[in-house]
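Each chain, written out:
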Amino acid sequence: MQTQNIPTKVSIKNLRQSGWKVRVLHQRNHFLRNKLDGASTEVAARGGQTEIQLTSPDKKINVSAKAVCSEEDNFSRKTGNAIALGRAWSLVLKSLGIV
């Protein structure tokens, strides 16, 4: 892999501009609530997970990492992105033999 495809600052935007394919998947927890007119499903404010999948421009590296939000904490896409991206990028560096 060429070093020109490895950005110096790791962010979703910088990786995409460098030719990396970045997929971000957010999953929220849901719960069933009984109401007068019947049961309905609502999104929980707490808990959930974020998964980031990275594919290198030459398609030789394909990694995935997750960040799971505790049931005690409010779900945050920004925090989940940062944690999952950091974990995925460390897997990229390991596969390149840098770390």
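That block above? That's the structure.
Below you will find a few notes about this structure. (Residues numbered from 1 in each chain as written. Predicted model: local features only at pLDDT ≥ 70, side-chain atom pairs only at ≥ 80, totals over all residues. Heavy atoms only, no water.)

Section: the pairing of strand E3 (residues 62–74)
Taken together, the nine bridges between strand E2 (residues 38–55) and E3 define a ladder with antiparallel strand orientation. Residue pairing in the sheet places Thr55 in a bridge with Asn62 of E3. (Pairing = 2+ DSSP bridges. Helix = DSSP H or I, 4+ residues; strand = E, 2+ residues; numbered from the N terminus.)

Description of the pattern of salt bridges
Within the structure shown, the criterion is met by two salt bridges. Here Glu42 makes a salt bridge to Arg33, at a shortest N to O gap of 3.6 Å. Under the relative-accessibility criterion, Glu42 is labelled partly exposed at 23%. Among the residues examined, Arg33 registers a relative accessible area of 39% and is labelled partly exposed. Two residues, Glu42 and Lys35, come together in a salt bridge whose shortest N-O distance is 3.4 Å. Classification of Lys35 by relative accessible area gives partly exposed; the value is 44%. Members of the salt-bridge network, linked through shared partners, are Arg33, Lys35 and Glu42. (Salt bridge = Lys/Arg side-chain N within 4 Å of Asp/Glu carboxyl O. Buried < 20%, exposed > 50% of the residue type's maximum accessible area, 1.4 Å probe, protein only.)

Overview of the layout of surface pockets
Computed from the structure, the largest pocket encloses a volume of approximately 150 Å³. Looking at the largest pocket, it is lined by 13 residues, and the ones nearest its centre are Val68, Cys69, Thr79, Gly80 and Ile83. The set of elements that each furnish at least two residues to the lining of the largest pocket consists of E2, E3 and helix H2 (77–96). When the residues that make up the lining of the largest pocket are grouped by side-chain class, the tally is five nonpolar, seven polar and one charged. (1 Å grid on protein atoms, 1.4 Å probe; cavity = no way out; pocket = protein on both sides within 12 Å on 5 of 7 lines; lining within 4 Å. Points joined across faces, edges and corners; volume = space filled by probe spheres on them. Nonpolar A, V, L, I, M, F, W, Y, C, P; charged D, E, K, R; others polar.)

Re the sheet that holds E2
Spatially, E1-E2-E3 is the arrangement adopted by the three strands of the open sheet, whose pairing is antiparallel. In this open sheet, the two edge strands, each paired with only one partner strand, are strand E1 (21–35) and E3. Between one strand axis and the next, the sheet turns by 25 degrees as a mean value, whatever way the strands run. In this fold H2 packs onto E1, E2 and E3, with an angle of close to 145 degrees to the strand it touches most, E3. (Axes fitted to C-alpha atoms, helices over the stretch in contact; angles between N-to-C directions. Contact = heavy atoms within 4.5 Å.)

Let's talk about the environment of Ser18
Its place among the elements puts Ser18 in the loop between helix H1 (12–17) and E1. Taking the relative accessible area as the measure of exposure, Ser18 reaches 22% and is therefore partly exposed. In the structure, Ser18 is positioned 38 residues away from Ser56 in sequence and 9.2 Å away in space, judged by C-alpha atoms. Side-chain polar atoms of Ser18 contact the backbone oxygen of Asn14, separated by 3.0 Å. (Polar contact = N/O pair within 3.5 Å; in protein donor to acceptor, adjacent residues only side chain to side chain.)

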